[in-house]
Amino acid sequence: TITTSAEIREAFHRFFAERGHEIVPSASLVPANDPTLLFTNAGMVPFKDVFLGRERRGYDRAVSSQRCVRAGGKHNDLENVGYTARHHTFFEMLGNFSFGDYFKRDAIRYAWAFLTEVLELPPEKLWVTVYEEDDEAAAIWLDEVGVNPQRFGRIGAADNFWSMGDTGPCGPCSEIFYDHGPGVPGGPPGSPDEDGDRFVEIWNLVFMQYDRGGDGALTPLPKPSIDTGMGLERVAAVVQGVTNNFDIDLFRRLIAAAATLANTSDHENSSLRVIADHIRACAFLVVDGVLPSNEGRGYVLRRIIRRAVRHGYKLGIDEPFFYRLVEPLIAEMGEAFPELPANRALVERVLKQEEERFRETLAQGLRLLADDLQSLEGETVPGETVFKLYDTFGFPVDLTADVAREQGLYLDMEGFESAMEAQRERARAASTFRAEYGGLADFGGRTEFSGYDVSEDAAQVI
Ligand code: ATP
Ligand code: MG
Ligand code: MG
Ligand code: MG
């Protein structure tokens, strides 16, 4: 039987390889030729040019387990980590792809066969949605596969219509959910309380069948394609009979290691989960060439590291610890991703340095914040405080938001933005002045505030 994450990954590759798919290794988290995208956030990203017909490969079917990061940028799950049972900043997306070869019928049948025959999931636990206008997919699911209409729904474009961009390939999706049962809060897909952890979306099948023109009109693609994505951690939770992703094998060792460093035995502590999530994202980002900095990708990495460090501090860990989780991470994932052990020394050094640096101001910043919160009236942390923490103590805004949220508070983002604007004005004035003296201006990139997703689109374009 298939139980471990490694076995699921393997079985997925094998299943699709037996059906003519080329096994393609995971690409880097930094997209190869795409400056508009912050990180690889789905399995299809490395195949974008193949779908667009700009690149030809020696195969028209592929299968992969792609490492993904959804932090910063358009898909941002950073705020979900520690709060839902199913979101990570770093996760693996299992996917099968057809480049103008098979289409809806085979994609649906393969997915159903993999879940019910290979993983042996009970069909009555699986729910299916299609795009509301996609009668073709509905008929395949209901008439051919025989899904129970009571566990089947038609959903609008927001969730079930996918586009590569404003123009270009797009098409309806069909999603498969697993019902973890009434013990977990949440409603079925399409219901008002669908955002719980009970009905977990495990697999998304995208049917690329149109080309959207500049005028918005949809033209059928001559050779429709398939792009699917299934979260390995989510399906592992299902297979391993746990309702929280952080209870699967891939996380157990990491959480145990962090718990030892924190000297606690409460493995359900959400700070431990955040740390276990963040070490995966941070280690792999460094492996893929990202270094902490004050802008772009490097700033997203810095934000995630500092967030993890703050959670460690909250757990009472009083010395650099984050880098010490690289070893248990390698024990867990080094075999599937050999680039990780190969870069061990670098990853440890980068994480350690960044933590040492942040620890110089962390305690002081937190004290300042606590003092301010003490005298706070209402639920909003003043923008001036958020700015001061950012500017003087190196607190990324989302880190301050994370602390505030733990106390039921919000940030005055407008106040923060105007404090930032005032700072930019000062910098501009100073830079004009300094330019006259040989262009020696150095603001260390601090004024390039491009990392926070309030200005999401700005953050996406580096
Ligand atoms: P959700 O609605 O749960 O946020 P999504 O619709 O954003 O998921 P897709 O973009 O459809 O996700 O990605 C395909 C699959 O990848 C999902 O069905 C899920 O299994 C997995 N996945 C997506 N985001 C995450 C995440 N942050 N952590 C773990 N797995 C994820
Ligand atoms: Mg999502
Ligand atoms: Mg979804
Ligand atoms: Mg989805």
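Anything mentioned here points back to the structure above.
The rules behind each value
Residues numbered from 1 in each chain as written. Chains lettered and ligands numbered in written order. Predicted model: local features only at pLDDT ≥ 70, side-chain atom pairs only at ≥ 80, totals over all residues. Heavy atoms only, no water. Helix = DSSP H or I, 4+ residues; strand = E, 2+ residues; numbered from the N terminus. Rg over C-alpha atoms; globule rule 2.2 N^0.38 Å. Buried < 20%, exposed > 50% of the residue type's maximum accessible area, 1.4 Å probe, protein only. Contact = heavy atoms within 4.5 Å. Areas by Shrake-Rupley, 256 points an atom, 1.4 Å probe, with all protein chains shown as cover. Lys, Arg positive; Asp, Glu negative; His and termini not counted. Charge placed at Lys NZ, Arg CZ, Asp CG, Glu CD. Phe/Tyr/Trp six-rings, centres within 6.5 Å; stacked < 30°, edge-to-face > 60°. Lys NZ or Arg CZ within 6 Å of the ring centre and 35° of its normal. Near = heavy atom within 4 Å. Polar contact = N/O pair within 3.5 Å; in protein donor to acceptor, adjacent residues only side chain to side chain. Axes fitted to C-alpha atoms, helices over the stretch in contact; angles between N-to-C directions. Parallel < 35°, antiparallel > 145°, perpendicular 65-115°, else oblique. Left-handed = near helix turned anticlockwise from the far one by under 90°. Core = buried A, V, L, I, M, F, W, Y, C linked by side-chain atoms within 4.5 Å. Salt bridge = Lys/Arg side-chain N within 4 Å of Asp/Glu carboxyl O.

Draft legend 1. Structural detail: the overall build of the chain. For the chain, the count of helices and strands is 16 helices and 11 strands. Here the C-alpha radius of gyration of the chain, 23 Å, is about what a compact globule of 462 residues would show, namely 23 Å. Seen through its C-alpha atoms, the chain measures out along the principal axes to roughly 70 × 55 × 45 Å. Counting the 462 residues in the chain, one finds 54% classified as buried. Nonlocal contacts in the chain, meaning residues at least 24 apart in sequence, comprise 72% of its contacts between residues at least 6 apart. Surface exposure of the chain reaches about 20,100 Å², of which carbon and sulfur atoms provide 46%. Here the chain contributes 47 positive and 74 negative side-chain charges, whose respective centroids are spaced 3 Å apart.

Draft legend 2. Up close: the packing of aromatic side chains. Counted by the stated rule, this structure contains 25 aromatic pairs. Plain terms: the ring middles of Phe15 and Phe114 are 5.5 Å apart, the flat faces sit at 65° to each other, and that makes the pair edge-to-face. Remark: Phe114 occurs in helix α3 (residues 104-118) and Phe15 occurs in helix α1 (residues 5-17); sequence separation between them is 99 residues. Both residues of the pair, Phe15 and Phe114, count as buried. Cation over ring: Lys352 sits above Tyr323, and NZ or CZ is 5.4 Å from the ring centre. Above the face of the Tyr83 ring, Arg405 is positioned so that its terminal group lies 3.4 Å from the ring centre.

Draft legend 3. Quick look at the site of ligand 1. Asp77, His87, Glu201, Asn204 and Arg234 are the nearest of the 15 residues found near ligand 1. At a separation of 2.8 Å, an oxygen atom of ligand 1 approaches a polar side-chain atom of His87. Separating an oxygen atom of ligand 1 from a side-chain N or O atom of Arg234 is a distance of 2.9 Å. Expressed as a share of its isolated accessible area of 590 Å², the protein-covered part of ligand 1 is 85%. Take the shell around ligand 1: its biggest share by element is four residues, from strand β8 (residues 199-212).

Draft legend 4. Structural view of the packing of α3 against helix α4 (residues 135-145). Packing of α3 against α4 leaves a shortest axis separation of 10 Å and a crossing angle of 45°. Overall, the two elements α3 and α4 adopt an arrangement that is oblique. By crossing handedness, the relation of α3 to α4 is classed as right-handed. Mapping the contact onto sequence places Lys104, Arg105, Ile108, Arg109 and Trp112 in α3 and Glu136, Ala137, Ile140, Trp141, Glu144 and Val145 in α4.

Draft legend 5. Representation of the nonpolar core in the model. Among the nonpolar cores identified, the biggest contains 118 residues, and Phe114, Leu115, Trp141, Ile176, Ile202, Trp203 and Phe322 are the most heavily contacted of them. In terms of residue count, helix α8 (residues 270-287) provides more of this core than any other element does, 12 residues in total. With 20 residues, the next largest nonpolar core counts Met44, Phe51, Ala62 and Phe99 among its residues.

Draft legend 6. Region of interest: the environment of Asn245. Mapped onto the elements, Asn245 comes out in the loop between α6 (232-239) and α7 (249-262). Residues Asn245 and Met420, spaced 175 residues apart in sequence, show a C-alpha to C-alpha distance of 38 Å. Residues in contact with Asn245, not counting those within four places in the same chain, are Ala85, Arg86, His88, Glu233, Arg234, Ala237 and Phe251.

Draft legend 7. Expanded view of the pattern of salt bridges. Under the counting rule described, the total for this entry stands at 37 salt bridges. Residue Arg86 is joined to Asp195 by a salt bridge in which the shortest nitrogen-to-oxygen separation is 3.0 Å. Here Arg86 is found in the loop between β2 (61-69) and β3 (90-98), whereas its partner Asp195 is found in the loop between β7 (168-179) and β8, with 109 residues between them in sequence. The closest approach of N and O atoms between Arg428 and Glu421, which form a salt bridge, is 3.3 Å. One salt-bridge network, held together by shared partners, links Glu79, Arg303, Arg307, Arg310, Lys314, Asp398, Asp402 and Glu406.

Draft legend 8. Inspection of the environment of Gly95 at higher detail. Residue position: Gly95 is located in strand β3. Relative accessible area serves as the criterion here: at 0%, Gly95 is assigned to the buried category. C-alpha separation for the pair Gly95 and Met230, spaced 135 residues apart in sequence, amounts to 6.3 Å. Among residues more than four places away in sequence, those in contact with Gly95 are Phe12, Ala62, Val63, Ser64 and Thr228.

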